[in-house]
Amino acid sequence: MGLLVDGKWQDEWYDTSNKGKFEREAAQLRNWVTADGTAGPSGVGGFKAQSGRYHLFVSLACPWAHRTLIFRTLKGLEQHIDVSVVSPDMLDQGWTFDKASGSSGDPLYGFDHMHQLYTLNNDTYSGRVTVPVLWDKQQQKIVSNESSEIIRMFNSAFNHITHNTDDYYPEDTRLQIDEINEYVYNNINNGVYRCGFATTQEAYEQAFDELFAALDKVEEILSNSPYLVGTRITEADWRLFTTLIRFDSVYHGHFKCNRQRIEDYPNLANYIRALYQWPSIAQTVNFNHIKRHYYYSHIMINPNQVVPKGPDIDYTTPHNRAKTK
Ligand SMILES: N[C@@H](CCC(=O)N[C@@H](CS)C(=O)NCC(=O)O)C(=O)O
């Protein structure tokens with residue numbers, strides 16, 4: 001685990017010097033692929049949607065990268081955007097393309113490490129080397145390393161190429177989607193990390209209480225509504241899903257999020273199955289990479305790197321949720 005400082009790799013754990021709290025660094029590379037190549041809400045223009053031009057780098061373990069894989073599948077972008085998978089083991093060199101430990105390798109440059117891609121993009125980059133990364137093969141540049149924005153690009157920028165007009169961020173519910181995203185991000189998506197990476201009892205307990213209050217709240221919402229925002233599935237559901245699917249296998253034990261499991265929430269247990277069983281979604285979920293990454297890479301938390309065998313949860317069993325697109 002480490003970061004780049006002026007383009008040089010340094011092996012360093014997260015800084016929790018603010019009262020033991022884990023504070024996630026904001027993603028820095030924020031350009032947008034758009035249908036016509038004009039600039040998006042941030043960054044510079046010049047990234048026009050074209051088949052075969054962009055490459056997605058992901059970890060199958062990472063919940064943020066998982067969002068982008070889900071949107072690539074939902075929006076029929078598989079033939080238009082290739083993917084490389086990093087090894088689940090993120091140790092002193094950060095993410096690697098080591099095929100022996102489960103990476104698909106780097107087909108573009110044959111790099112060994114993800115940080116080499118970041119320094120190819122900018123040889124004086126300072127910051128964390130995170131996945132996902134959306135790479136522009138034409139300009140040899142990182143378009144974006146922010147998953148919430150990559151999924152918005154995938155949602156609409158390539159529609160004229162794929163003719164898939166499914167919309168997971170519909171105009172009429174954007175305000176509600178943004179509002180629930182913010183809440184779920186702070187308390188659940190990032191909330192589990194705030195529990196797991198806290199280095200004081202106080203910081204952990206605060207994150208823990210906020211996490212379970214938020215899970216109670218989404219359980220309540222889902223008792224009255226098929227999805228987080230009304231009757232249609234939206235990006236808010238997919239963003240929640242990638243945390244829920246890792247919860248019982250990893251966050252409950254490794255990150256000490258153990259008041260209860262997702263399986264113990266009646267609505268969430270059914271909802272997680274409805275999303276898991278959504279066409280082509282199960283193939284984006286890899287429990288081997290998920291468990292291996294967290295338990296083997298976070299030596300600060302699990303110094304002996306032993307990966308638990310359980311739990312044994314079957315997400316293919318029937319659920320009671322209506323299926324409405
Ligand atoms: N804001 C980013 C966060 C991505 C992120 O933190 N990814 C983690 C993997 S789950 C990572 O690459 N961490 C490496 C590090 O922090 O050094 C996004 O949503 O895309």
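Note that the structure is a prediction, hence the values are computed from the model and not measured.

Engineer: Help me out: how do you make sense of unusual backbone geometry in this one?
Structural biologist: In most cases, non-glycine residues show a negative phi, while peptide bonds are predominantly trans. Here Val131 and Pro132 are connected by a cis peptide whose omega angle stands at 5°. One can find Pro132 in the loop between β5 (127-128) and β6 (133-136). Cis geometry is found at the peptide bond from Gly310 to Pro311, where omega equals -5°. In this fold, Pro311 is placed in the segment after α10 (287-297). Backbone geometry places His163, a non-glycine residue, at a positive phi of 60°. The topology assignment puts His163 in the loop between α4 (159-162) and α5 (174-189).

Engineer: Just checking my understanding: could you explain the sheet that holds strand β1 (residues 2-5) for this structure?
Structural biologist: Note on sheets: strands pair through backbone hydrogen bonds, and any given pair is parallel or antiparallel. One open sheet accounts for three strands, arranged β2-β1-β5; its pairing is antiparallel. Edge positions in the sheet fall to β2 (8-11) and β5, since each has one partner strand and no second. Pairing of β1 with β5, which is carried by two bridges, proceeds in the antiparallel orientation. Residue pairing for β5: Leu4 is matched across the bridge by Gly127.

Engineer: What's the story with the environment of Lys75 in this structure? I'm lost.
Structural biologist: With respect to the helices, strands and loops of the structure, Lys75 is situated in the loop between α1 (63-74) and β4 (81-85). Its 24 C-beta neighbours within 10 Å are what place Lys75 among the buried residues. Between the C-alpha atom of Lys75 and that of His298, which follows or precedes it by 223 residues, the distance is 33 Å. Those residues in contact with Lys75 that sit more than four places away from it in its chain are Phe154, Asn155, Phe158, Thr162, Asn164 and Asp166.

Engineer: Any chance you could explain the site of the ligand here in plain terms?
Structural biologist: What surrounds the ligand is a group of 15 residues, the closest being Cys62, Trp64, Arg128, Thr130 and Ser147. Tallied by class, residues from the shell around the ligand come to seven nonpolar, six polar and two charged.

Engineer: Sorry if this is basic, but what is going on with the UniProt feature "binding site: glutathione" (unreviewed entry) in the chain here?
Structural biologist: Those residues carrying the UniProt feature "binding site: glutathione" (unreviewed entry) are Trp95, Arg128, Val129, Thr130, Val131, Glu146 and Ser147 in this numbering. Of note, Arg128 is situated in strand β5. If sequence neighbours within four positions are ignored, Arg128 has contacts with Leu3 and Glu25. Mapped onto the elements, Val129 comes out in the loop between β5 and β6. Exposure remark for Val129: the 23 C-beta atoms within 10 Å place this residue in the buried category. Setting aside residues no more than four positions away along its own chain, Val129 makes contact with Leu3, Leu4, Gly94, Trp95, Met114, His115 and Tyr118.

Rules used throughout
Residues numbered from 1 in each chain as written. Predicted model: local features only at pLDDT ≥ 70, side-chain atom pairs only at ≥ 80, totals over all residues. Helix = DSSP H or I, 4+ residues; strand = E, 2+ residues; numbered from the N terminus. Pairing = 2+ DSSP bridges. Buried ≥ 20, exposed ≤ 12 C-beta atoms within 10 Å, placed from the backbone. Contact = placed C-beta atoms within 7 Å. Near = placed C-beta within 6 Å. Nonpolar A, V, L, I, M, F, W, Y, C, P; charged D, E, K, R; others polar. UniProt positions renumbered as here; feature names shortened; annotations may be inferred.

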